[in-house]
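Each chain, letter by letter, is given below.
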Amino acid sequence: MSEFNYDDVTRYSLDDDLREEILRKQIECTFIWGPKDHWAVGVLMTYLWKDGSFWVSATSQRKRIAAIKRDPRVSVVVSSHGTDLGPAKGITAKGRAIIHTDQATRDWFNPACAAVNIPSPGKLQDAFARMMDTERRVVIEVVPEKWITFDATKMMMASIEAWRK
């Protein structure tokens with residue numbers, strides 16, 4: 001049996017600077033929470049990466065809001081796919097969600113989220129931000145506590161090196 005194998009891929013984690021670059025460049029994540037029946041649920045969401053936290057938004061009647069109030073432990077998954085960094089780099093952050101209901105948070109988040117979704121400034125971007133500013137809208141901050149990352153480029157380079165030997 002070869003001493004080189006893929007049983008332990010933890011050595012192929014992302015370097016911190018590359019993880020940070022992916023988080024800044026990507027705009028879409030899978031947000032995962034635990035509902036009452038303990039069957040994990042995830043949805044795709046636009047996110048902002050700011051001050052070391054993920055920021056997403058939903059309306060208060062969404063099931064995920066009640067679930068977060070019961071148990072704030074969530075996960076956020078981000079891929080490098082679609083960025084100029086190429087595919088096959090993945091990030092999972094395990095963290096705790098904080099629900100913000102204050103207008104001050106919505107005042108900075110809504111325009112920033114609109115700018116991510118509609119990169120060209122103007123009437124459409126402004127309208128998007130205004131449509132998000134509703135009474136039921138909350139902003140969810142996810143503070144990462146643990147990172148699980150993977151860089152397939154590192155794995156491929158190590159594989160090539162092992163094959164050469």
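Presented here is a report on the structure given in the accompanying data block. Since the structure is predicted, the reported quantities are computational estimates derived from the model, not experimental observations.

1. Section: the overall build of the chain
Looking only at helices and strands, the chain has five helices and seven strands in total. When the helices and strands of the chain are read in sequence order from the N terminus, they spell out α-β-β-β-β-α-β-β-α-α-β-α. In terms of overall dimensions, the chain has a C-alpha envelope of 65 × 40 × 20 Å along the principal axes. Out of the 165 residues in the chain, the part that is buried amounts to 36%. The long-range share in the chain, meaning contacts at least 24 apart out of those at least 6 apart in sequence, stands at 70%. With 24 positive and 22 negative side-chain charges, the chain shows a separation of 6 Å between the mean positions of the two kinds.

2. Considering the pairing of strand β5 (residues 73-79)
Note that strand β1 (residues 28-33) and β5 share three bridges and pair antiparallel. Across the sheet, residue I32 finds its bridge partner in β5, namely S75. Here β5 runs beside strand β6 (residues 89-100); their pairing, made up of seven bridges, is antiparallel. Bridging across to β6, V74 finds its partner in G95.

3. Some details on the state of the cysteines
Evaluated as defined, the whole model comprises zero disulfides. There is no disulfide at C29, and the cysteine sulfur nearest it, in C113, is 11 Å away. Judged by its relative accessible area of 5%, C113 is buried.

4. Things to note about the environment of T92
Mapped onto the elements, T92 comes out in strand β6. Judged by relative accessible area, which is 21%, T92 ranks as partly exposed. For T92 and R19, which are 73 residues apart along the polypeptide, the C-alpha to C-alpha distance reads 10 Å. Excluding residues within four positions of it along the chain, T92 makes contact with V76, V77, K146, W147 and I148.

5. Focus: the packing of aromatic side chains
Following the criterion strictly, the structure yields seven aromatic pairs and no others. Between W108 and F109, the ring centres sit 5.9 Å apart and the planes meet at 80 degrees, which makes this aromatic pair edge-to-face. One aromatic cluster is present, formed by Y47, W49, F54 and W147 through successive ring pairs. A cation over an aromatic ring shows up here: R19 above the ring of W147, its NZ or CZ 4.1 Å from the ring centre.

6. As for the environment of I140
Topologically, I140 is positioned in strand β7 (residues 137-151). Its relative accessible area of 0% is what places I140 among the buried residues. Excluding its chain neighbours within four sequence positions, the residues that come into contact with I140 are F31, F54, W55, V56, I65, I68, A97 and I98.

7. Concerning a nonpolar patch on the surface
Taken together, Y6, V9, M156 and W163 make up a surface patch of nonpolar side chains, about 420 Å² in accessible area. Residue W163 is classed as exposed on the basis of its relative accessible area of 58%.

8. Considering the packing of helix α3 (residues 103-117) against helix α4 (residues 123-132)
The relative placement of two packed helices is expressed as an angle between their axes plus a distance between the axes. Interhelical geometry of α3 versus α4 gives an angle of 135 degrees and a closest axis separation of 8 Å. If you check the angle between α3 and α4, you find them oblique. As for the relative orientation of α3 and α4, their crossing is right-handed in sense. Residues F109, N110, P111, C113, A114, A115 and N117 of α3 pack against Q125, F128, A129 and M132 of α4. Its residues assigned to classes, the contact of α3 with α4 shows eight nonpolar, three polar and no charged.

What counts, and where the lines are drawn
Residues numbered from 1 in each chain as written. Predicted model: local features only at pLDDT ≥ 70, side-chain atom pairs only at ≥ 80, totals over all residues. Heavy atoms only, no water. Helix = DSSP H or I, 4+ residues; strand = E, 2+ residues; numbered from the N terminus. Buried < 20%, exposed > 50% of the residue type's maximum accessible area, 1.4 Å probe, protein only. Contact = heavy atoms within 4.5 Å. Lys, Arg positive; Asp, Glu negative; His and termini not counted. Charge placed at Lys NZ, Arg CZ, Asp CG, Glu CD. Pairing = 2+ DSSP bridges. Disulfide = S-S within 2.5 Å. Phe/Tyr/Trp six-rings, centres within 6.5 Å; stacked < 30°, edge-to-face > 60°. Lys NZ or Arg CZ within 6 Å of the ring centre and 35° of its normal. Patch = residues over 30% accessible without salt bridge, like charges linked within 9 Å, V, L, I, M, F, W, Y side chains within 5 Å. Areas by Shrake-Rupley, 256 points an atom, 1.4 Å probe, with all protein chains shown as cover. Salt bridge = Lys/Arg side-chain N within 4 Å of Asp/Glu carboxyl O. Axes fitted to C-alpha atoms, helices over the stretch in contact; angles between N-to-C directions. Parallel < 35°, antiparallel > 145°, perpendicular 65-115°, else oblique. Left-handed = near helix turned anticlockwise from the far one by under 90°. Nonpolar A, V, L, I, M, F, W, Y, C, P; charged D, E, K, R; others polar.

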